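# Analysis of the macromolecular model
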Amino acid sequence: MTSPQNDPAPQPPQGHTHAHTHSHGPAAPVSRHLRKVIAAVLIPFATAVVVGLIAFWPGGVPDHERTGVGFDRQTQDGKVVQVVKVDCADVNAAQVPPTGDTSTPSGREAVNEQEGECAKATVEVTSGDDKGRRFVEVVQPDAPRQLKKGQGVVVAYAPDAPRDLQYSVIDVNRKIPMALLAGIFALAVVLVGRMRGVMALVALAVSFAVLTLFILPAILQGSNPLVVAVIGASAIMLAALYMCHGVTARTSVAVIGTLVSLLLIGLLGSLFIGWAGLSGNTDDNTGLIKGLYPDIDMSGLLLAGIIIGSLGVLDDVTVTQTSAVWELHQADPEMGWKGLYRAGIRIGRDHIASVVNTLVLAYAGAALPLLLLFSIAQSSVGTVANSELVAEEIVRTLVGSIGLVASVPVTTVLAALVVSADRTGPGGAQAATAAPTRTGRGRRRKTG
């Protein structure tokens, strides 16, 4: 399963280092017996994943009648062809409250809108059956999104509305800048990562394919979200790790470590989502999903999101820890599994600190507007943490972080046991490295 070792072996590490890198050289070969043991674990697992994909394959998203609410609207592309300034009072952009009370925010806003200067935009539909049709959109002066001539927009179509009100602007068309940014990202990955970067992009495409063609449609079809997420995440994990890091014993150990950590995250998530009484239905979007597909288990959907969200960071941790142990073994082939574990776990402690902090800040950044609302309301920390919106993020963060923390010792001990058990096997790593090898400084080093 592995390629011969071509890179020079590194010098024994001095002190405590943080080997958080993915520029790993080829792994040292392992014995045929050890490859058989690893295959005996992974082949049944991969077979089960394939069987699960076939058994739960949805065959597409189920049809439903459009509600015209939120994202569930018919949309087309459009373009602003003309913008003129008009008096807001002339187009009835707002009405002052009948009481004339301007002490409230809504009253002051209505007065400003009525006395200000509005933009009257003419928008042309550029796609669909009504291509070329034009309509007028009035934009108030304090609207967060202002329209300008030549701007691409997304328009919603309401077939049951009166003809003059069937189309309305709902967003800006961002396809060009988004596509350009994606192209820059892909170019940077390929230039820096070269062939590994190309394989990483292929693995990313596979991940999106599994997510959009299997996980999401299967959940909408009514399948158990947890089962679907486990199958889909396993398929993504196998494809991403082996594509990016090669079909080696080192990668296989990382796969096993990731799988164990995912199982732990699933168990903890299931326990605490039920214990905390989290419904998973906390905003307009989840409410719309529940309304369209009443049979969906929303708490199960929350758990599925935790598993999938944790997978990407888990891959990073398990691959790094496995590679660290492999490099330590190549630096000192006489080191036993306990010594390898102790050295690897020292590296892992740095990794834990950085990754957990990254995960918590990522969730906090995503929930920043919500946290600002609580701050404005001067809510206590206990009140904020007890609300379901925030409690979901807390459970998501802590369960994922526990899985990440656990993945470090689990993967490190697995890697240490595997690589040390191979030292005395026939045709093992020691035999492969017994010949003198040249170090990076040009000296010869005997391994034995």
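Going by the structure above, here's the rest.
All values reported here derive from a predicted model rather than from experimental measurement.

### Observations regarding the overall build of the chain
Across its full length, the chain carries twelve helices and seven strands. Residues classed as buried in the chain amount to 37% of the 448 residues present. For the chain, long-range pairs separated by at least 24 residues make up 72% of all intrachain contacts whose partners lie at least 6 apart in sequence. Total accessible area computed for the chain in this model is approximately 24100 Å², and 62% of it derives from carbon and sulfur atoms.

### Overview of the packing of aromatic side chains
In this structure the tally under the stated criterion is four aromatic pairs. A centroid spacing of 5.9 Å and a plane angle of 20 degrees characterise the contact between Phe 135 and Tyr 167, whose relative ring orientation is stacked. Highlighted residues: Phe 135 in strand β3 (residues 134-139) and Tyr 167 in strand β5 (residues 167-172), separated in sequence by 32 residues. Classification of Phe 135 as buried rests on a relative accessible area of 8%. Chaining the aromatic ring pairs together yields one cluster made of Phe 135, Tyr 157 and Tyr 167.

### Examining the packing of helix α7 (residues 298-331) against helix α11 (residues 388-421)
The interhelical angle for the contact between α7 and α11, taken along N-to-C directions, is 30 degrees, at an axis separation of 8 Å. Considered as vectors, α7 and α11 are oriented roughly parallel to each other. In this structure, the crossing between α7 and α11 has a hand that is right-handed. Here the residues of the contact of α7 with α11 are counted per class, giving 14 nonpolar, eleven polar and two charged.

### Digging into the state of the cysteines
Tallying each qualifying case throughout the model produces one disulfide. Between the sulfur atoms of Cys 88 and its disulfide partner Cys 118 the distance amounts to 2.0 Å. Its S-S torsion of about 110 degrees marks the bond between Cys 88 and Cys 118 as right-handed, since a negative value means left-handed. One end of the pair, Cys 88, is in the loop between β1 (74-87) and α2 (105-115); the other, Cys 118, is in strand β2 (residues 117-125), with 30 residues separating them in the sequence. Taken as a pair, Cys 88 and Cys 118 share a single burial class, namely buried.

### Considerations on the sheet that holds β5
By definition, the strands of a sheet pair up through backbone hydrogen bonds, in either a parallel or an antiparallel sense. Strand order across the open sheet formed by five strands is β3-β2-β1-β4-β5, with antiparallel pairing between neighbours. A strand with exactly one partner marks an edge of an open sheet, and here the two such strands are β3 and β5. Ignoring which end each strand starts from, the neighbouring axes of this sheet average 45 degrees apart. Two strands pair when backbone bridges link them, and β1 and strand β4 (residues 152-157) are joined in this way by six bridges, in the antiparallel orientation.

### Notes on the pairing of β4
Across a regular strand the side chains alternate sides, sitting on one face of the sheet and then on the other. Inspection of the sheet shows β4 paired to β5 by five bridges, in the antiparallel sense. Bridge pairing in β5 links Val 154 to Asp 171.

### Digging into the pattern of salt bridges
Counted according to the given criterion, the structure contains six salt bridges. Taking the shortest distance from any N to any O, the salt bridge between Asp 77 and Lys 175 comes out at 3.5 Å. With Asp 77 in strand β1 and Lys 175 in helix α3 (residues 175-220), this residue pair connects regions lying 98 residues apart in the sequence. Taking relative accessible area as the criterion, Lys 175 reaches 53% and is therefore assigned exposed.

### Some points on the side chain of Ser 127
Of note, Ser 127 is situated in the loop between β2 and β3. Separated by 2.8 Å, the side chains of Ser 127 and Gln 76 make a polar contact. Apart from residues lying up to four places away in sequence, Ser 127 is in contact with Gln 76 and Asp 77.

### A closer look at a nonpolar patch on the surface
On the surface, Val 190, Met 195, Val 198 and Val 202 cluster together to form a nonpolar patch covering roughly 300 Å² of accessible area. Mapping Val 198 onto the fold places it in helix α3.

### Side note on a positive patch on the surface
Taken together, the side chains of Lys 338, Arg 342, Arg 346 and Arg 349 make up a positively charged region of the molecular surface. Its place among the elements puts Lys 338 in helix α8 (residues 337-366).

### Describing the environment of Ile 347
Topologically, Ile 347 is positioned in helix α8. Distance in space between the C-alpha atoms of Ile 347 and Thr 412 is 9.9 Å, their sequence separation being 65 residues.

### A word on the environment of Thr 282
When you line up the elements, Thr 282 lands in the loop between α5 (249-275) and α6 (284-292). Each C-alpha atom of the pair Thr 282 and Leu 389 lies 6.1 Å from the other, and the pair is 107 residues apart in sequence. Each residue touching Thr 282, except ones within four places of it in the same chain, is listed here: Glu 388, Leu 389 and Glu 392.

### Some thoughts on the packing of α5 against α11
Where α5 meets α11, the axes come as close as 8 Å, and the angle between the chain directions of the two elements is 150 degrees. Judged by the angle between their axes, α5 and α11 are roughly antiparallel. Both α5 and α11 take part in a crossing whose hand is right-handed. In this structure, α5 contributes Val 253, Ile 256, Gly 257, Val 260, Ser 261, Leu 264, Ile 265, Leu 268, Gly 269, Phe 272 and Ile 273 to the contact, and α11 contributes Val 395, Val 399, Gly 400, Ile 402, Gly 403, Ala 406, Ser 407, Val 410, Thr 411, Leu 414, Ala 415 and Val 418.

Cut-offs used in this document
Residues numbered from 1 in each chain as written. Predicted model: local features only at pLDDT ≥ 70, side-chain atom pairs only at ≥ 80, totals over all residues. Heavy atoms only, no water. Helix = DSSP H or I, 4+ residues; strand = E, 2+ residues; numbered from the N terminus. Buried < 20%, exposed > 50% of the residue type's maximum accessible area, 1.4 Å probe, protein only. Contact = heavy atoms within 4.5 Å. Areas by Shrake-Rupley, 256 points an atom, 1.4 Å probe, with all protein chains shown as cover. Phe/Tyr/Trp six-rings, centres within 6.5 Å; stacked < 30°, edge-to-face > 60°. Axes fitted to C-alpha atoms, helices over the stretch in contact; angles between N-to-C directions. Parallel < 35°, antiparallel > 145°, perpendicular 65-115°, else oblique. Left-handed = near helix turned anticlockwise from the far one by under 90°. Nonpolar A, V, L, I, M, F, W, Y, C, P; charged D, E, K, R; others polar. Disulfide = S-S within 2.5 Å. Pairing = 2+ DSSP bridges. Salt bridge = Lys/Arg side-chain N within 4 Å of Asp/Glu carboxyl O. Polar contact = N/O pair within 3.5 Å; in protein donor to acceptor, adjacent residues only side chain to side chain. Patch = residues over 30% accessible without salt bridge, like charges linked within 9 Å, V, L, I, M, F, W, Y side chains within 5 Å. Lys, Arg positive; Asp, Glu negative; His and termini not counted. Charge placed at Lys NZ, Arg CZ, Asp CG, Glu CD.

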